[in-house]
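Residue-level listing of the chains:
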Amino acid sequence: MQAMERLADRVSQGLALIGAIGLMALLVHVAAEVLARNLFSRPIPATNQIVSHYYMVLIAFLPLAWVERQGAMISVELTEGFMSPRMKRVSDVLVAVLAVLIYAALAWVTWADAVKAWRVGSFVDVLGHRLAIWPTYFLPPLGFALAALVMVMRGICVLRGDDA
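First, a word on what this report is: a plain description of the structure on this page. (Residues numbered from 1 in each chain as written. Predicted model: local features only at pLDDT ≥ 70, side-chain atom pairs only at ≥ 80, totals over all residues. Heavy atoms only, no water.)

1. Here's the deal with the packing of helix H1 (residues 2-40) against helix H5 (residues 139-160)
Packing of H1 against H5 leaves a shortest axis separation of 11 Å and a crossing angle of 145°. As for the relative orientation of H1 and H5, their crossing is left-handed in sense. Across the interface between the two elements, Met4, Glu5, Ala8, Val11 and Leu15 of H1 pack against Leu146, Met153, Cys157 and Arg160 of H5. Looking at the contact of H1 with H5 residue by residue, the class counts come to seven nonpolar, no polar and two charged. (Axes fitted to C-alpha atoms, helices over the stretch in contact; angles between N-to-C directions. Helix = DSSP H or I, 4+ residues; strand = E, 2+ residues; numbered from the N terminus. Left-handed = near helix turned anticlockwise from the far one by under 90°. Contact = heavy atoms within 4.5 Å. Nonpolar A, V, L, I, M, F, W, Y, C, P; charged D, E, K, R; others polar.)

Structural data, given as structure tokens:
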């Protein structure tokens, strides 16, 4: 199990790093576009499409496993103060199971959309040129599936009595 946890850490950190690089690329791209538009009256073509179809999808979905692995997802702990340690454990397992089901369902649905987008070759038209957007459709199912796997591991850890 420790080898699986180390692998999950490395994969989730790698995806979070890719998301961080995507965020930096977005910042540089948008700053360059603003400068080009305001200083030279020549905006960078396709900035809106690249930001919305590439950067934002990358930033939103790839780091999901890392966020879950860190336990940094939004949570409400209103009733935890009133629970016994055993009830907290049951609650943590139920939350992990529910999260796995939700993430797996989202991965399944978004995978079907990704395959459909790939088959039809989804693109956006930018000044008469086709910008392929079908590759980014595969990022949400990847992020959701890995988050589901992290939550499976968390559920197993809670059942074993680990604090990880």
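2. Let's talk about the nonpolar core
Judged by nonpolar contacts, Leu64, Ala96, Ala99, Val100, Tyr103, Ala107, Phe144, Ala147, Ala148 and Met151 together constitute the single largest core of 10 residues. Elements that contribute at least two residues to this core include exactly helix H4 (85-120) and H5. At five residues, H4 tops the list of elements feeding residues into this core. The contacts of alanine 147, once residues within four sequence positions are left out, are Leu64, Ala65, Glu68 and Tyr103. (Core = buried A, V, L, I, M, F, W, Y, C linked by side-chain atoms within 4.5 Å. Buried < 20%, exposed > 50% of the residue type's maximum accessible area, 1.4 Å probe, protein only.)

3. What about H4?
Each α-helix winds once per 3.6 residues, and so residues spaced three or four apart point in a common direction. With 36 residues, H4 extends 52 Å between its outermost C-alpha atoms, agreeing within 8% with the 52 Å of an ideal straight helix rising 1.5 Å per residue. Along its buried surface, H4 packs onto helix H3 (64-69) and H5. Backbone geometry just downstream of H4 places glycine 121 in the positive-phi region, at approximately 70°. (Expected span 1.5 Å × (residues − 1).)

4. Structural notes on the layout of surface pockets
Of the voids in this model, the largest pocket is the one considered here, and its volume is about 670 Å³. In this structure, the largest pocket is lined by 21 residues; those nearest its centre are Ile74, Ser75, Asp92, Val95 and Arg154. For the lining of the largest pocket, the secondary structure elements donating two or more residues are H4 and H5. Looking at which element gives the most residues to the lining of the largest pocket, the answer is H4, with eight residues. For the lining of the largest pocket, the class distribution of residues is 12 nonpolar, four polar and five charged. (1 Å grid on protein atoms, 1.4 Å probe; cavity = no way out; pocket = protein on both sides within 12 Å on 5 of 7 lines; lining within 4 Å. Points joined across faces, edges and corners; volume = space filled by probe spheres on them.)

5. Comments concerning the packing of helix H2 (residues 47-61) against H5
The interhelical angle for the contact between H2 and H5, taken along N-to-C directions, is 5°, at an axis separation of 9 Å. Looking at the two axes, H2 sits roughly parallel to H5. On H5, the residues touching Val57, Leu58 and Phe61 of H2 are Leu139, Pro140, Gly143 and Phe144. (Parallel < 35°, antiparallel > 145°, perpendicular 65-115°, else oblique.)

6. Things to note about the packing of aromatic side chains
The tally for this structure, following the rule as stated, stands at four aromatic pairs. Between the aromatic rings of tryptophan 111 and phenylalanine 138, the centroid separation amounts to 5.2 Å while the plane-to-plane angle is 70°, which identifies the pairing as edge-to-face. Taken together, the residues tryptophan 111 in helix H4 and phenylalanine 138 in the loop between strand E2 (129-132) and H5 connect sequence positions 27 residues apart. Here phenylalanine 138 falls in the partly exposed class, since its relative accessible area comes to 21%. Through a chain of ring-to-ring contacts, three or more aromatic side chains come together here, namely Phe61, Tyr103 and Phe144. Of note, arginine 130 hangs over the ring of phenylalanine 123, and the distance from its end group to the ring centre comes to 4.2 Å. (Phe/Tyr/Trp six-rings, centres within 6.5 Å; stacked < 30°, edge-to-face > 60°. Lys NZ or Arg CZ within 6 Å of the ring centre and 35° of its normal.)

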